[in-house]
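Structure assessment
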Amino acid sequence: MFIWVINAKYRFALELFEKYNYRLVDEIAWVKQTVNGKIAKGHGFYLQHAKETCLIGVKGDVSSFGRFNIKTDVIFSQRRG
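**Here we look at the sheet that holds strand β1 (residues 2-5)**
Reading across from one edge, β1-β3-β2-β4 is the order of the four strands in this open sheet, with mixed pairing throughout. Every interior strand has two partners, whereas the edge strands, β1 and β4 (74-78), have only one. For this sheet the average axis-to-axis angle between neighbouring strands, irrespective of direction, equals 25 degrees. Contacts from helix α1 (residues 10-19) reach β1, β2 (23-33) and β3 (51-58) within the one sheet, and its direction differs from that of β3 by about 10 degrees.

Structure below.
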């Protein structure tokens, strides 16, 4: 399961994982950029969030799938409206 979450909904997403018997195994960070390539500031309670997180969960035994050849866990990309 892949779920994109903002910080305010992180705990809610973890509750969904538990409810449907998924195990959190990793995450991907999307660092938002402006059209000029600078880090885009967002909203937040304590900090201005410049990223969103994709939580990755699995269900059951996935050891037979092996490892995937993913280069990084960070995506740098422009945000859009």
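**Thoughts on the pairing of β3**
The side chains of a regular strand alternate between the sheet's two faces. Burial runs high along β3: seven of the eight residues are buried. Pairing analysis gives four bridges linking β1 to β3, with the strands arranged antiparallel. Counted as the bridge partner of W4 is C54 from β3. Pairing analysis gives eight bridges linking β2 to β3, with the strands arranged antiparallel. By the bridge assignment for β3, L24 is matched with G57.

**A few points about the side chain of K32**
As for its placement among the helices and strands, K32 is situated in strand β2. Residue K32 is classed as buried on the basis of its relative accessible area of 15%. At 2.8 Å, the side chain of K32 and the side chain of E52 are in polar contact. Discounting chain neighbours no more than four positions away, the residues touching K32 are K38, I39, A40, A50, K51, E52, S77 and R79.

**Observations regarding the nonpolar core**
For soluble globular proteins, nonpolar side chains are generally found buried alongside one another. Membership of the largest hydrophobic core is limited to five residues, which are I3, V5, A13, F17 and L55. Elements represented by at least two residues in this core include exactly β1 and α1. V5 has contacts with Y10, A13, E52, T53 and L55, leaving out every residue within four places of it along the chain.

Reading the values: rules and limits
Residues numbered from 1 in each chain as written. Predicted model: local features only at pLDDT ≥ 70, side-chain atom pairs only at ≥ 80, totals over all residues. Heavy atoms only, no water. Pairing = 2+ DSSP bridges. Helix = DSSP H or I, 4+ residues; strand = E, 2+ residues; numbered from the N terminus. Axes fitted to C-alpha atoms, helices over the stretch in contact; angles between N-to-C directions. Contact = heavy atoms within 4.5 Å. Buried < 20%, exposed > 50% of the residue type's maximum accessible area, 1.4 Å probe, protein only. Polar contact = N/O pair within 3.5 Å; in protein donor to acceptor, adjacent residues only side chain to side chain. Core = buried A, V, L, I, M, F, W, Y, C linked by side-chain atoms within 4.5 Å.

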